[in-house]
Amino acid sequence: MPDQIPYIRVFISSPGDVSAERKIALDVIDYFPNRPAFRERVAFRVVAWDKPGAGTAMRGTMTPQEAINRGLPTPSECDIVVVIFWTRMGTPFKDTDGQQYFSGTHWELLDALKSDRPEVLFFRRRGALPVDMNDSKLSQKLEQYQRVEEFFQSDLFYREDGSILRGVNKYDTPDEFRRDFEIFFEEIVTELLERYETDNTKSPPPPNSESENITTITAQKWEGSPFPGLRAFTEKDAPIFFGRGREIDALVDQIANSRFVAVVGASGSGKSSLVSAGLIPRLKANTIEGSADWLYARFTPGGASNPFEALIAALTDTIPVLKIDDPFERDEKIEERTKRVNEKPERLISIVEHALGDLRAHVQLVLFVDQFEELFTLSNAEYISPFLNVLVAIVKSDRLRVIATMRADFYHRAVEHKLLSELLRDGSFPLAMPGLGALLEMITRPAERAGLIFEQDLPERILVDTGDNPGALPLMAYTLDELYHSREDQYLSITMYNALGGVAGAIGKRAEAVYQSLSSDEMIKQAWFKHMFRRLVVIDERGAATRRRVPLDHIEFKDIIFTNIFVEARLLVMDQTYVEVAHEALFYSWERLKKWISETQEDLILLRQVRNAALEWKNKGYPEYLLWPQERLKLVYSMQNNISPNLEVFESEFIRTEFSRIMEKINDPGTDHFERAELGDRLAKIGDHRKGIGLDKNGIPDVVWCKVPAGTVELEDIRNKIKETFQVEQFHISKFVITYKQFKAFLDAEDGYDQVGWWNDLIHESEPGKQMRPTNNHPAETLSWYDAVAFCRWLSHHLGYLVRLPTEAEWVQAATGGDSSNIFPWGEVANTDFARTKDTGIMRTTAVGMYPMGASPVGALDMAGNVWEWCSTQFDNGMTPDVPSEKHKAIRGGAWHRELSFARINFRGSDSMLARYSNYGFRIVRE
């Protein structure tokens, strides 16, 4: 055994076109000391002569003399030398001894081969030079590629007889390089360690100096959980991101050839993690020439009040010249910038290009639009097309790129936009579930990085339970994270795994346990549950559930305590501004939530439809034709009762009842007669809720009474030129004439029209008159005086007090309010707009109360027009109320078939008590 951990020196040599492989090699070496078999047994000193500060657009290598002058180890002084080639040879140079070399890599390789010390690993990527005929440097690249081809045909690799002198490890993709490099590197390190442990070979000592060209790698245990749980991997998590090498390679290739790439996959397939922890770190390693200097702006369309604001905030935080130094001004300036862009979205491209003008020409801006589906689920409809148009325009710029992640079940929404669909045709990157080998890496390698130990067979058990369903990937990640938090020391056991409920049950079991632990009664817990998740869950028209970010200031104080408990359980995520569900896997893994979503799915879909329709109504200037009818609004009110959503002011106005909208129009003097007639009929259809025109809960007519003051009334018999004066005591009169619905209750009641008791001293016809307009809120008509009196007797019985027809004097007192100067119920001036008479051109009755501006001083409606109203008294003497007589009974108020002059208060009419016409009705009084 060596006295100390050996620090094996590794020299990495390559031109600049294999940056991906260089990063992979460093990642493999960085991970190596954390593997259980090598922990505390080995460390590394990685040497590379890349010039610090040389830039990434043209990578350079310092000359051997420079390296020696700096005291850097040469390849021949190292233990392992890794040489990687693809299409470039590098820049030729002449050494101080006058010797000419193809490049620095050429010198480094020859130096390594002249010594017996280092083990040399030689790699070359297969594949032809990627050719872009518009590339200004194409001729230089072709020349470089030809030199590489000639180099590999040289005597360095082949003897004169054509036999192979040196083997070269060839591979097709960076991920294949990783696989081969891991195997070969482990073989060499194992062999070196065996020498140090069994032979007298002296192991390399710890470093005594540091250099920017040397990286010291020792076992570095990952602090905290190496499993993300329900959150996505971030760029900082790259050291524990495994299993997606092939996808990263393919994605890099697609990014290199396209300015728009959308990673499309099922919910939970790892789209965001692939970009954040896989692609971006690879690009920052300069895997595409110059990409190390690119700027990366990540945002989600639903991360602000609108997608443009989210984009502007990301640009502000990313592009140096746009950054806001004073944090107190940040929100205000972002709002101002967003407003300017909203006014003219196409200007955004020129703004960004101008902002990048101070940076080197090869620097590009990458817009990482994460959770792209939020554009369709969380953004207001007015922003969708303009935002998509901006993204389409971006790909025409030489300095901007777009990388988006999108759930596959929203792909159809994206392709509805013609120009975007064309981009998606070539720019879609489908992400499938990782294979078994990749899944095993995701399970075991992060654990090794954190120094965790699995019980034997547990990784395989988790692998089997995860299966190949993309939705199981976040379940697996959450289960592993829960295992970490339940561990005993560093040991992860099968017993713990079973207690969690395995992959299938871990999230649901944990969520339900946390819910049950809330210290309150069930009713309060259920109220919090529904109140929170109706905000956190959005369901589109197809029933797809997605997360919704809720601003913290929208969370009520009473909900904070329970919300924080779910955040601590890593089921919800909260930052300084928002709270959201940690992952959509919770939707289908927690039975309580899954059931609630299923039960409220229609309500949540309807809520989204309401919000979109209300926004369209607002944006188009609140036109009436876009408002929903009552039949549709009934479903909305039911939804409100079920899930109690928080609505914006304009949304609440949008779903205001059609009844209230109709009443506004009825109360508007500018509404014409024909519209009033239609409004009344519409009220009847949707349900006329005005008091005084329908029935109470017991099916008895509901009457609104208007108080009439006592006074003196003078009646004039125009025919006989006789005037009579009557003293009227205070009484109450019905606000409306009796409606068809109210009289029909009398007709239909078991003790109603056919009950002979109501007809004592009256002529009882076997059949009632046939209502010409059988509409509930229209006046009851085609009624004889006898019909009206019998109704009053029946109603008196059910109300418990006497109601009757008004005397003619009482009717006049109610119409004038005691002011004898009133010629009409509304005053002295005739106005055909205030009454339902022949002057309107509508030859039928209308619903009662359609002319509120024609109300009498006591509040009674329709005392002019619509129907003649029976009075209890005789025309010739104004006496004998409710007593049958051979004399005619008085009728008052005019009707729809006569001009306004017949509706004057002083106009008296009469008819036989047996008369039944479609213009005869009645109202009632009580003393």
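Residues numbered from 1 in each chain as written. Predicted model: local features only at pLDDT ≥ 70, side-chain atom pairs only at ≥ 80, totals over all residues. Heavy atoms only, no water.

Draft legend 1. The overall build of the chain, seen in detail. Broken down by element type, the chain carries 30 helices and 30 strands. Radius of gyration (C-alpha) of the chain: 44 Å, far over the 30 Å computed for a compact globule of 927 residues. Counting only C-alpha atoms, the chain reaches 145 × 60 × 50 Å along its principal axes. Across the chain, the fraction of contacts at a sequence separation of at least 24, relative to all contacts at a separation of at least 6, is 74%. (Helix = DSSP H or I, 4+ residues; strand = E, 2+ residues; numbered from the N terminus. Rg over C-alpha atoms; globule rule 2.2 N^0.38 Å. Contact = heavy atoms within 4.5 Å.)

Draft legend 2. How the structure looks around empty space enclosed by the protein. Inspection of every chain in the model, using the stated rule, returns 4 cavities of 30 Å³ or more. When its volume is computed, the largest cavity comes out at roughly 60 Å³. In terms of lining, the largest cavity is formed by 11 residues, of which the most central are Leu-715, Glu-724, Phe-875, Asp-876 and Arg-908. Elements represented by at least two residues in the lining of the largest cavity include exactly strand E22 (711-717) and strand E23 (722-728). (1 Å grid on protein atoms, 1.4 Å probe; cavity = no way out; pocket = protein on both sides within 12 Å on 5 of 7 lines; lining within 4 Å. Points joined across faces, edges and corners; volume = space filled by probe spheres on them.)

Draft legend 3. Structural detail: the pattern of salt bridges. Tallied over the full model, the rule gives 61 salt bridges. Between Asp-237 and Arg-231 there is a salt bridge, and its shortest N-O distance comes to 2.7 Å. Its salt-bridge partner being Lys-284, residue Glu-235 comes within 2.9 Å of it at the nearest N-O pair. With Glu-235 in the loop between strand E8 (214-217) and helix H6 (245-257) and Lys-284 in helix H7 (residues 271-284), this pair connects stretches of sequence that are 49 residues apart. For Glu-235, a relative accessible area of 34% translates into the label partly exposed. A single network of salt bridges, built from pairs that share partners, joins Asp-175, Arg-178, Glu-182, Glu-441 and Arg-445. (Salt bridge = Lys/Arg side-chain N within 4 Å of Asp/Glu carboxyl O. Buried < 20%, exposed > 50% of the residue type's maximum accessible area, 1.4 Å probe, protein only.)

Draft legend 4. Region of interest: the sheet that holds strand E25 (residues 803-804). Pairing is antiparallel across the open sheet formed by 4 strands, whose spatial order is E21-E24-E30-E25. Two strands close off the open sheet at either side, each with one partner strand: strand E21 (705-708) and E25. In this sheet, strand E30 (residues 925-926) lies alongside strand E24 (residues 731-734) in antiparallel orientation, the contact comprising 2 bridges. Opposite His-732, over in E30, you have Arg-926 as the bridge partner. Here helix H30 (residues 808-816) sits on the sheet and contacts E21, E24, E25 and E30; the angle it forms with E24, its principal contact strand, is near 80°. (Pairing = 2+ DSSP bridges. Axes fitted to C-alpha atoms, helices over the stretch in contact; angles between N-to-C directions.)

Draft legend 5. Region of the structure containing the sheet that holds strand E1 (residues 7-13). Here we have 6 strands laid out as an open sheet, ordered E7-E6-E3-E1-E2-E8, and mixed in their pairing. Across the chains shown, the open sheet's two edge strands, defined by having one partner strand only, are strand E7 (169-171) and E8. The average angle at which neighbouring strand axes cross in this sheet is 20°, direction not considered. The pairing of E1 with strand E2 (residues 43-47) spans 5 bridges and is parallel. Bridged to Arg-9 within E2 is Arg-45. Sheet strands touched by helix H1 (residues 19-31): E1, E2, strand E3 (80-85), strand E6 (119-125), E7 and E8. Its angle to E1, the strand with the most contacts, is close to 170°.

Draft legend 6. Layout of the nonpolar core. If you look at the biggest cluster of nonpolar residues, it comprises 75 residues, and the most contacted ones within it are Ile-462, Phe-533 and Leu-571. The leading source of residues in this core is helix H23 (residues 591-619), at 12 residues. Apart from residues lying up to four places away in sequence, Leu-571 is in contact with Leu-230, Tyr-478, Ile-507, Arg-510, Ala-511, Val-514, Phe-566, Val-581, Ala-582 and Leu-586. Counting 47 residues, the second largest nonpolar core, distinct from the first, contains Val-363, Leu-365, Val-390 and Val-395. (Core = buried A, V, L, I, M, F, W, Y, C linked by side-chain atoms within 4.5 Å.)

Draft legend 7. View of the pairing of E1. Burial of E1 is extensive: 6 of the 7 residues sit out of reach of the surface. What joins E1 to E2 is H1, and the crossover it makes is right-handed. Where E1 lies against E3, 4 bridges are found, and the strand directions are parallel. Looking across to E3, one finds that Ile-12 is bridged to Val-82. (Right-handed = clockwise from strand over helix to strand, strands pointing away.)

Draft legend 8. Up close: the packing of helix H5 (residues 174-198) against H6. Two elements in contact, H5 and H6, have axes separated by 7 Å at closest approach and are oriented at 145°. Contact residues: Pro-174, Asp-175 and Glu-176 in H5; Gly-245, Arg-246 and Asp-249 in H6. Here the contact of H5 with H6 is built from residues that sort into 1 nonpolar, 1 polar and 4 charged. (Nonpolar A, V, L, I, M, F, W, Y, C, P; charged D, E, K, R; others polar.)

Draft legend 9. Spotlight on the packing of helix H16 (residues 458-466) against helix H17 (residues 472-486). Across the interface, H16 lies against H17 with an axial gap of 10 Å and an inter-helix angle of 150°. With respect to each other, H16 and H17 are oriented roughly antiparallel. Regarding H16 and H17, the two cross each other, and that crossing is right-handed. Judged by residue contacts, Leu-458, Ile-462 and Thr-466 of H16 engage Ala-472, Met-476, Leu-480 and Leu-483 from H17. (Parallel < 35°, antiparallel > 145°, perpendicular 65-115°, else oblique. Left-handed = near helix turned anticlockwise from the far one by under 90°.)

Draft legend 10. View of the environment of Ala-355. One can find Ala-355 in helix H10 (residues 347-355). Residue Ala-355 is classed as buried on the basis of its relative accessible area of 8%. In sequence terms Ala-355 and Leu-322 are 33 residues apart; their C-alpha atoms lie 7.1 Å from each other. Those residues within four positions of Ala-355 in sequence are excluded, and the remaining contacts are Ile-319, Val-321 and Leu-322.

Draft legend 11. View of the state of the cysteines. Applying the stated criterion across every chain, the model contains 0 disulfides. The thiol of Cys-871 is unpaired, and the distance to the nearest cysteine sulfur, on Cys-792, comes to 12 Å. (Disulfide = S-S within 2.5 Å.)

Draft legend 12. Spotlight on the packing of aromatic side chains. Overall, the coordinates contain 56 aromatic pairs when judged by the stated rule. Seen from their ring centres, Phe-85 and Phe-151 are 5.5 Å apart, and the 45° between their planes marks the pair as tilted. Here Phe-85 is found in strand E3, whereas its partner Phe-151 is found in helix H4 (residues 138-151), with 66 residues between them in sequence. For the pair formed by Phe-85 and Phe-151, the shared burial category is buried. Residues Phe-122 and Phe-157 carry aromatic rings whose centres are separated by 5.1 Å and whose planes lie at 90° to one another, so their mutual orientation is edge-to-face. On the criterion of sequence distance, the pair formed by Phe-122 in strand E6 and Phe-157 in the loop between H4 and E7 is long-range, its members being 35 residues apart. Assigned by exposure class, Phe-122 and Phe-157 land together as buried. (Phe/Tyr/Trp six-rings, centres within 6.5 Å; stacked < 30°, edge-to-face > 60°.)

Draft legend 13. A look at the pairing of strand E13 (residues 428-431). Here E13 shows a buried face lined by Phe-429 and Leu-431 and an unburied face lined by Ser-428 and Pro-430. Of the pairings in the sheet, the one linking strand E9 (residues 260-265) to E13 comprises 4 bridges and is parallel in character. Of the residues in E13, the one forming a bridge with Val-264 is Pro-430.

Draft legend 14. Fine view of H23. Between its first and last C-alpha atoms H23 spans 40 Å; for 29 residues at 1.5 Å apiece the expected length is 42 Å, and the two agree. Where H23 bends most, at Thr-600, the angle is about 60°. Backbone geometry just downstream of H23 places Gly-621 in the positive-phi region, at approximately 85°. (Expected span 1.5 Å × (residues − 1). Bend = angle between axes of the 7 residues up to and from the residue.)

Draft legend 15. Examining the side chain of Arg-449 more closely. Note that Arg-449 resides in helix H15 (residues 436-449). You can call Arg-449 buried: its relative accessible area is 6%. Apart from the residues within four sequence positions on either side, Arg-449 is in contact with Asp-30, Tyr-31, Asn-34, Gln-220, Lys-221, Trp-222, Pro-239 and Ile-240.

Draft legend 16. Representation of the side chain of Asp-17 in the model. The residue Asp-17 is located in the loop between E1 and H1 in this model. Here Asp-17 occupies a buried position and makes no salt bridge, while the nearest side chain of opposite charge, Arg-88, is found at 5.2 Å. A polar contact is formed between the side chain of Asp-17 and the backbone nitrogen of Thr-87, at a distance of 2.7 Å. In terms of polar contacts, Asp-17 uses its side chain to reach the backbone amide nitrogen of Arg-88, at 2.9 Å. (Lys, Arg positive; Asp, Glu negative; His and termini not counted. Polar contact = N/O pair within 3.5 Å; in protein donor to acceptor, adjacent residues only side chain to side chain.)

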